Structures are given as structure tokens and as C-alpha cells.
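# Geometric and topological summary
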Amino acid sequence: MNVVFAVKQYISKMIEDSGPGMKILLMDKETTGIVSMVYTQSEILQKEVYLFERIDSQNREIMKHLKAICFLRPTKENVDCLIQELRRPKYSTYFIYFSNVISKSDVKSLAEGDEQEVVAEVQEFYGDYIAVNPHLFSLNILGCCQGRNWDPAQLSRTTQGLTALLLSLKKCPMIRYQLSSEAAKRLAECVKQVITKEYELFEFRRTEVPPLLLILDRCDDAITPLLNQWTYQAMVHELLGINNNRIDLSRVPGISKDLREVVLSAENDEFYANNMYLNFAEIGSNIKNLMEDFQKKKPKEQQKLESIADMKAFVENYPQFKKMSGTVSKHVTVVGELSRLVSERNLLEVSEVEQELACQNDHSSALQNVKRLLQNPKVTEFDAVRLVMLYALHYERHSSNSLPGLMMDLRNKGVSEKYRKLVSAVVDYGGKRVRGSDLFSPKDAVAITKQFLKGLKGVENVYTQHQPFLHETLDHLIKGRLKENQYPYLGPSTLRDRPQDIIVFVIGGATYEEALTVYTLNRTTPGVRVVLGGTTVHNTKSFLEEVLASGLHGRSKESSQITGRSGSRR
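Calculation notes
Residues numbered from 1 in each chain as written. Predicted model: local features only at pLDDT ≥ 70, side-chain atom pairs only at ≥ 80, totals over all residues. Heavy atoms only, no water. Pairing = 2+ DSSP bridges. Helix = DSSP H or I, 4+ residues; strand = E, 2+ residues; numbered from the N terminus. Phe/Tyr/Trp six-rings, centres within 6.5 Å; stacked < 30°, edge-to-face > 60°. Buried < 20%, exposed > 50% of the residue type's maximum accessible area, 1.4 Å probe, protein only. Lys NZ or Arg CZ within 6 Å of the ring centre and 35° of its normal. Contact = heavy atoms within 4.5 Å. Polar contact = N/O pair within 3.5 Å; in protein donor to acceptor, adjacent residues only side chain to side chain. Salt bridge = Lys/Arg side-chain N within 4 Å of Asp/Glu carboxyl O. Right-handed = clockwise from strand over helix to strand, strands pointing away. Core = buried A, V, L, I, M, F, W, Y, C linked by side-chain atoms within 4.5 Å. Axes fitted to C-alpha atoms, helices over the stretch in contact; angles between N-to-C directions. Parallel < 35°, antiparallel > 145°, perpendicular 65-115°, else oblique. Left-handed = near helix turned anticlockwise from the far one by under 90°. Nonpolar A, V, L, I, M, F, W, Y, C, P; charged D, E, K, R; others polar. Disulfide = S-S within 2.5 Å. Expected span 1.5 Å × (residues − 1).

### Structural notes on the sheet that holds strand S12 (residues 242-243)
Read across the open sheet, the 3 strands follow the order S12-S13-S14; overall the sheet is antiparallel. Pairing within the sheet leaves two strands with one partner each, and these edge strands are S12 and strand S14 (261-263). For S12 and strand S13 (residues 246-248), the ladder comprises 2 bridges, and the chain directions are antiparallel. Each residue of the ladder has a partner; that of Asn-243, found in S13, is Arg-246.

Below is the structure:
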């Protein structure tokens, strides 16, 4: 189950099916992102695709010597654009691929529009999602719910994305969902409807143990997206932001022109592929090794190019050298900027207290540490609010809850009202009344023993003690201990055996920390394959936008001072 490979195969097949000759690839806004995640422009160029255009761009030239490969989402706008295109075709032949199921009536309209008979084929290739890592996909939807219920347009897009994922991996799953979430149940029903309606598409070879789709809601764990991260990919997203593998470095002091935007893709950057899940400390020493390796391979300035053989060797090695030079300067810049932000924002100290708030249960120590950091001028208002949110979520019902005092501290620190309001919004979004499970205090004997032993052993790394709640959920699922009264099956049948192929989808967005959990689980659990997806992949900033978009906030100014009663079910 590799989502990058699945999308890549579709695109290769499109290009192969169109036969030899020069081609143009016509895409829409979303499919442009889908393609760019799995192929570089230079890789596609090698397959005789010389132009990339948007179907909605008005001023494309007529080029009858080119074949057009159209890869589009089956939306009304795209179908209308295509009909217009076919009435006055700019290219010799059209190979049309929709990224999802297209209705018969739309196909009929296209056929009627194709008066000049330029369409060679129309097919459905189900690459209707963003393949981020081999085991992680996203739909790039921010703000999927209104209150506790779906925004109808986003529900429809999410259903399409999730069913396309199942088709691309050739899985017809049993479905379980989080009972405490109305949105999870609704999505489960919509996916089931599509599977029933398009049953012919979902007729795959039966496996002994059917695959499982587990639908969860971000509300159940609002802690994970609020934490600072210390593994490379997660840290880059948290501090710089990753958007379809692109990182905007234009704000970095003294940045050179060619490094204002860089691409980090494990598909064609070996250093990134080998380091994306490693801790920041290890990255530092690996960057040093990369630099030393580069110095050795660097062509000597005084290198004498006397013989033809010398020149030939130089020319042959130059492209690899140039590529390596690009990799080195890119990673040195990115890691340098991460380092600068860590010291400028005092993130080591901030992160240590975040981890204490997420993993320990010592209220007075946590409160003291948060208060101490709020007084520290190096701590930004963003990090200050994040600490207070973590405190508010963990100690929401603690008898000595001191949230009003911390809110005053934020005010005295000069934190803007926009940020202060978010504290109550986050508690409304993911507080105790909303959660279907207990995030902080383990109830069963096994979990309590585990925590006790962990306490005795001490922590290997104080910055990475936190495990996302998803870790426990998947552990229980694989061991057959995930409670059916909390995560029921949709429909009458249940799974008797240990699941083997698991697709987890998080409404409201997944995180790179959860992706790391899944990556580790896949490596350490033989016979189990897990793929994780979400409406988006969050860092703290985008998660707070998600909370705002849900509209679960601002009931009153006082609500930020009261914690016991905040949180409402709709």
C-alpha cells in the first residue's frame, strides 16, 4: 500500500497510452498539485511531455503537432472547459483522464462537443488525492466542518478523495468510525454509499482478511497538532510550512535568489529521504557529513584539463556534482534557518514544557513552568498561547485550575485578543466534553503499568516523549482490543481476524507526528500495512485556522475565563 507509487503509476500509464510523439499535459488547479507531488518536470520531460498548461488558461496557442493528455477532476467547471476546448481544438488528439468517477451524462455532453472527433479516449484514473509520503495522503482541505457537522461541499470532496484512494489501492474495506463524532459517522455512510452504488468498480480479488477503513475526528486529539516537533519533516512543516513539498524561504535573512523557494521531496532527494524521520540533533551531524562528502567530490579549481580523457571525466561528473551542490546548499539553508528559529524563539525550553503538559500529570510543576515561560521576553505570543492551550486542555477540570490567571498573564504580556480568544475556541473544539476517549489519564491496568514503567525508566529524549493518541488506537486495533462501543462497524459484519491492511482517515487533518507513528508501526509490525490520510496535514498554525473555521468559539468574552462549563455538543 504505497500512495505515491499508486499515483505515479496512473500518470505513467496516461503518458504511455498516448503513444510516441510530442505531448502537452492539460491539468486543473488540483491535478497540477497531484502530479507535482510524484513527478518532477524533468522526469516528465523525458517522457516527451514538453508543455504543462491549465485547462482554464485562456491564451493557449494552437499547436496541432502536439497530442493533449488531459488529467482533470470530474467537476462541472472542468467538463464545461473541455467541451469548449473540443469545439475549437488546439491540439491533434485528446486523451482524457478523469481523476474520479464521471457521470454518464457528462460523458454524453463531451461526446456531443467532440464534433471534430479529436478525442482518442476517455478514462477514469483514481489519483484524486495528494500523495505526501508513501503512507500519507491529504486532500488539502482546510476548514472542513461548520460546528460539529460537515460543510456539504467539503463532505462531497472528501468522499470522492477517500473512495478514489480505495480504488487506487484496490481495496474494498469494512468501515469503522469514531462514535463520538457525528462527522465521522456521516463520512462513513457516504463512502459506503459510493461503494454500494459503484459496486462493479470495487470488485477486487478477495483477500482472506478484508481491509479496514477507520474514520477518526481531529477533535479527539487536539494536543498532537499543538506541539513543537523535532524530526526533520515535521519540524520543517511546523516552523517553515510545507505546501505540496514546497517551502517558502523568502523571509530568511540574507537568502539568495535561487533559494527563495525550495522543494523537499523524498522521491528525488536522497538526503531528505534518509533523514526526514530523524531527530534534529542527528540531522546536524548528517549535514556535516554531507558537506564533507561534497568537499571531497568538488572538482579542484586547479584541475588540469589537459587530455581529452580529463575533459570527458569532468563533463560526466559535472551533472552529479551540480545536483549534489543544489542538495547541499538547500539543506544547509533549511537546517540553518530551523536552528536560528529554535534559538530565537527559545524553543528547546518551550518544547520541554509542552511535553510536560502533554505527558505528565503534575499540575503544580506544569503551572509554575508555564508561568515562568510567559514572563520570558524571548517566548513569542504564538508560543505563549500554545502553552496556555495545552494547559487548558489538560487541566480543564482540575480542582486547582488556574486558567483565568494565565489568561491575565497573556494579556499582560501584550498577546493580542485574536490569539487569546483562541484558547477557549480550542477547548470548545477538543475539550473533555467533546472527546470520546480519555487523552490524559490511562484507565486500564495495562496502560497504567506501562506509564509506571516508563516513569521508572526515565525518558530517552525529553522533547519526543509524546505519542499521538493514534498510536494507542492503532495498537488496540491491531491487537483486536479496539472497543466496538467507541468505534463501531458500519453495517452488520465485523472483522474476526487481526486486520492486515488498514486505512486511517482523520477528519479535520492529520499531522506529520502521526505519519511518523504510522511509518514506525509499518516497519515494526510484520504483516500489517497502514496508510494514514487527512482532510489536510496540519502544523499548529493551520490547526488553529481549522478551529476558527469550525466556528466553535466566541460565545462570550467570559468563556475564555471559565473552563469547567466550556465545550458544547451539537
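Next, the rest of the story.
### A few points about the packing of aromatic side chains
A complete count under the given rule lists 13 aromatic pairs for this structure. Consider the rings of Tyr-10 and Phe-125, whose centres lie 5.2 Å apart with planes at 25 degrees: the pair is stacked. On the criterion of sequence distance, the pair formed by Tyr-10 in helix H1 (residues 3-17) and Phe-125 in the loop between strand S5 (119-124) and strand S6 (130-133) is long-range, its members being 115 residues apart. Each member of the pair, Tyr-10 as well as Phe-125, carries the same accessibility label: buried. For the pair Tyr-277 and Tyr-519, a centre-to-centre distance of 4.0 Å together with 25 degrees between the ring planes defines the contact as stacked. Here Tyr-277, found in the loop between helix H9 (270-275) and helix H10 (280-297), pairs with Tyr-519, found in helix H19 (residues 512-524); they are 242 residues apart in sequence, far enough to count as distant. Given a relative accessible area of 16%, Tyr-277 falls into the buried group. By the ring-pair criterion, three or more aromatic residues cluster together here, those being Tyr-10, Tyr-97 and Phe-125. Above the face of the Tyr-39 ring, Lys-8 is positioned so that its terminal group lies 5.1 Å from the ring centre. Between the NZ or CZ atom of Lys-418 and the centre of the ring of Tyr-419, over which it lies, the distance is 5.0 Å.

### A word on the environment of Asn-376
Within the secondary structure, Asn-376 sits in the loop between helix H13 (363-374) and helix H14 (381-394). Asn-376 sits 30 residues away from Asn-346 along the chain, and the two C-alpha atoms are 9.2 Å apart. Not counting residues up to four positions away in its chain, the partners in contact with Asn-376 are Asn-346, Glu-349 and Lys-413. At 2.8 Å, the side chain of Asn-376 forms a polar contact with the backbone nitrogen of Lys-378.

### Considering the pattern of salt bridges
Under the defined criterion, the tally for this structure stands at 29 salt bridges. Ionic pairing is found between Lys-479 and Asp-475, a salt bridge with its closest N-O pair at 3.1 Å.

### A few points about the pairing of S5
Put simply, side chains in a regular strand alternate between the two faces of the sheet. Pairing geometry for strand S4 (residues 93-98) and S5, over 5 bridges, is parallel. Directly across from Ile-96, in S5, lies its bridge partner Val-122. Taking the sense of rotation as the criterion, the β-α-β connection linking S4, helix H5 (residues 104-113) and S5 turns out right-handed.

### As for the nonpolar core
Formed by 161 residues in total, the largest nonpolar core has its most connected members in Ile-215 and Ile-507. For this core, the leading source of residues is H14, giving 10 residues. Those residues in contact with Ile-215, other than ones at most four positions away along the chain, are Leu-162, Ile-175, Arg-176, Tyr-177, Gln-178, Ala-184, Leu-187, Ala-188, Phe-505 and Ile-507. If you look at the next biggest cluster of nonpolar residues, it comprises 18 residues, including Ala-68, Val-79, Leu-82 and Leu-86.

### Considering unusual backbone geometry
A negative phi holds for most residues other than glycine; trans holds for most peptide bonds. The backbone of Glu-48 sits at a positive phi, close to 70 degrees, despite the residue not being glycine. Relative to the helices and strands, Glu-48 is located in the loop between helix H3 (41-45) and strand S2 (49-54). Backbone geometry places Asn-245, a non-glycine residue, at a positive phi of 70 degrees. Residue position: Asn-245 is located in the loop between S12 and S13.

### Quick look at the packing of helix H4 (residues 76-87) against H5
Running from amino to carboxyl end, H4 crosses H5 at an angle of 20 degrees, the nearest separation of the two axes being 8 Å. Considering their axes alone, H4 and H5 lie roughly parallel with respect to each other. As H4 runs across H5, the sense of the crossing is right-handed. Across from Val-79, Leu-82, Ile-83, Leu-86 and Arg-87 in H4, the residues of H5 making contact are Asp-106, Ser-109, Leu-110 and Gly-113. Partitioning the contact of H4 with H5 into residue classes produces 5 nonpolar, 2 polar and 2 charged.

### Quick word on the sheet that holds strand S1 (residues 23-27)
Taken in spatial order, the 5 strands make up an open sheet running S2-S1-S3-S4-S5, and their pairing is parallel. Of all the strands in the sheet, just S2 and S5 have a single pairing partner and so form its edges. Neighbour to neighbour, the strand axes of the sheet diverge by 15 degrees on average, direction disregarded. Alignment of strand S3 (residues 67-72) against S4, held across 6 bridges, turns out to be parallel. Paired with Ala-68 across the bridge in S4 is Tyr-94. Relative to the sheet, H4 contacts S3, S4 and S5, its axis offset from that of S4 by approximately 170 degrees.

### A few points about the state of the cysteines
Taken as a whole and assessed by the stated rule, the structure comprises 0 disulfides. Note on Cys-144: no disulfide assigned, nearest cysteine sulfur contributed by Cys-145 at a separation of 3.9 Å. A residue is classified by how much of its surface remains accessible, and Cys-144, at 1% relative accessible area, is buried.

### Observations regarding the side chain of Ser-18
Position of Ser-18 among the secondary structure elements: in the loop between H1 and S1. By relative accessible area, which is 2% here, Ser-18 ends up buried. Here Ser-18 is in contact with Lys-23, Lys-67, Ile-69 and Phe-95, once residues within four sequence places are set aside.

### Regarding H14
Between its first and last C-alpha, H14 extends 20 Å over 14 residues, near the 20 Å set by a 1.5 Å rise per residue. By the criterion of burial, H14 is predominantly enclosed, with 13 of the 14 residues buried.

### Concerning the packing of H14 against helix H20 (residues 540-550)
Close contact between H14 and H20 brings their axes to 12 Å; oriented N to C, the two are set at 60 degrees. Crossing of H14 over H20 shows left-handed handedness. Between H14, through Phe-382, Arg-386 and Met-389, and H20, the contact on the second element is made entirely by Thr-540, Lys-541 and Leu-544.

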